[in-house]
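This is what each chain is made of:
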Amino acid sequence: MRTARIYVSRRIFPELVAELQKSYEVVDNQADLSLTAAELAARLHDADGALLTAGERVDDALLAACPRLRVVSNIAVGYNNIDLAACTLHGVAATNTPDVLIEATADHAWALLLAAARRVTESDRYLRSGQWKGWEFDMLMGAELHGTTLGIVGMGRIGRAIARRAKGFGMRVVYHNRTRLPSVQEDGAIWMSTEEVLRSADHVILVVPYSQATHHLIGAAQLASMKPTAVLVNIARGGVVDDNALIEALQGERLAAAGLDVFENEPKLDPRFLALDNAVLTPHIASSTRATRNAMAQLAIRNLADVLGGRRPAALLNPEVWDSRRR
Ligand code: GLV
């Protein structure tokens, strides 16, 4: 039996590649080249398994070009890059990395909220550019956080970790989730419709997965319904917010500020964002701490090894594929 062949789509820690090489023939991309769909298919065509990231699209065309493939293991919790139905059709198991990135991602949501509310990056630019001439009574006044109401749209595991941190700020939490949580998980947070959350919260954090249903969940009308003093944070996915509408709201100061880790058309975000002092921008790094990225990769490797070893992986996204194999 030949050694299973693994494709790794992006640069990962070298020790992880070395670990993979102990069990598999590995085609890596330690040069971190960004590949077109055709180049990805060419590299993947005889692979048994792939470690991918949210940047690579897995669809019917790719799967049809990779007949040996048994598993696509995303090093990400979000998996809107993977067509699960197509995977099932081709008998390919799809997996992701939930749980291990919850706390780091929740921390980053707070980093963006704090930075946007208290104008941290704007103040930093102000100071570095030599504009600071001395203390002023009303210099760079920010928004209150302590004692205000935080709205969370998408109360999954990351949303709940964000809500836990809100307690330290004495904040009331209101949230929307498709299904209302049991009260033990609500932990004092109040369920309401998305419209009510947007209307009533002082600040809003978006944590919903991207899908057709959440495409442009936040557009011009939704932004207009928010308090003009509000900060909006998006750590979910580009496309959940209509970036054009958000830019117009920030330009017109109809919204105080935004903290954004994700954008439409990443990495080519709308250049108008760059001119906005009331937007704090980070390049899709919410889970990027060494410990968390390591844990994500380790879990992705475990998921892949489980499938190739005939074991059901912990984070299987298309259980139908497994059930049909067992029949
Ligand atoms: C990052 O965006 C992830 O989905 O893990």
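Everything below is about the structure printed above this text.
Figured I'd write up the structure that's included with this text.

Rules and cut-offs
- Residues numbered from 1 in each chain as written.
- Predicted model: local features only at pLDDT ≥ 70, side-chain atom pairs only at ≥ 80, totals over all residues.
- Heavy atoms only, no water.
- Pairing = 2+ DSSP bridges.
- Helix = DSSP H or I, 4+ residues; strand = E, 2+ residues; numbered from the N terminus.
- Contact = heavy atoms within 4.5 Å.
- Axes fitted to C-alpha atoms, helices over the stretch in contact; angles between N-to-C directions.
- Buried < 20%, exposed > 50% of the residue type's maximum accessible area, 1.4 Å probe, protein only.
- Near = heavy atom within 4 Å.
- Polar contact = N/O pair within 3.5 Å; in protein donor to acceptor, adjacent residues only side chain to side chain.
- Nonpolar A, V, L, I, M, F, W, Y, C, P; charged D, E, K, R; others polar.

The next subject is the sheet that holds strand 6 (residues 149-153). Sheets are built from strands paired through backbone hydrogen bonds, the pairs being either parallel or antiparallel. In spatial order, the strands read 8-7-6-9-10-11-12; together these seven strands make up an open sheet with parallel pairing. With partners counted over all chains shown, the strands left at the sheet margins are strand 8 (190-191) and strand 12 (279-281), one partner each. Pairing geometry for strand 11 (residues 257-260) and strand 12, over three bridges, is parallel. Of the residues in strand 12, the one forming a bridge with Leu260 is Leu281. Contacts from helix 5 (residues 102-117) reach strand 6, strand 9 (203-206), strand 10 (231-234), strand 11 and strand 12, with the element oriented near 150° to strand 10. Lying over the sheet, helix 11 (residues 243-251) contacts strand 10, strand 11 and strand 12, oriented at roughly 140° with respect to strand 11.

What follows is about the environment of Ile205. As for its position among the elements, Ile205 is in strand 9. When its relative accessible area of 0% is taken as the criterion, Ile205 is described as buried. Along the primary structure Ile205 and Leu145 are separated by 60 residues, whereas in three dimensions their C-alpha atoms are 13 Å apart. What Ile205 contacts, discounting residues up to four positions off in sequence, is Ala109, Leu113, Leu150, Gly151, Ile152, Val153, Ile162, Val233 and Ile235.

This part takes up the site of the ligand. Taken together, Ala76, Val77, Gly78, Leu101, Arg237 and His284 make up the full set of residues adjacent to the ligand. Between Gly78 and the ligand, the recorded distance is 2.7 Å, taken from a backbone N or O atom to an oxygen atom. Measuring from an oxygen atom of the ligand, one finds a side-chain N or O atom of Arg237 at 2.6 Å. Of the residues contributing to the shell around the ligand, the split by class is three nonpolar, two polar and one charged.

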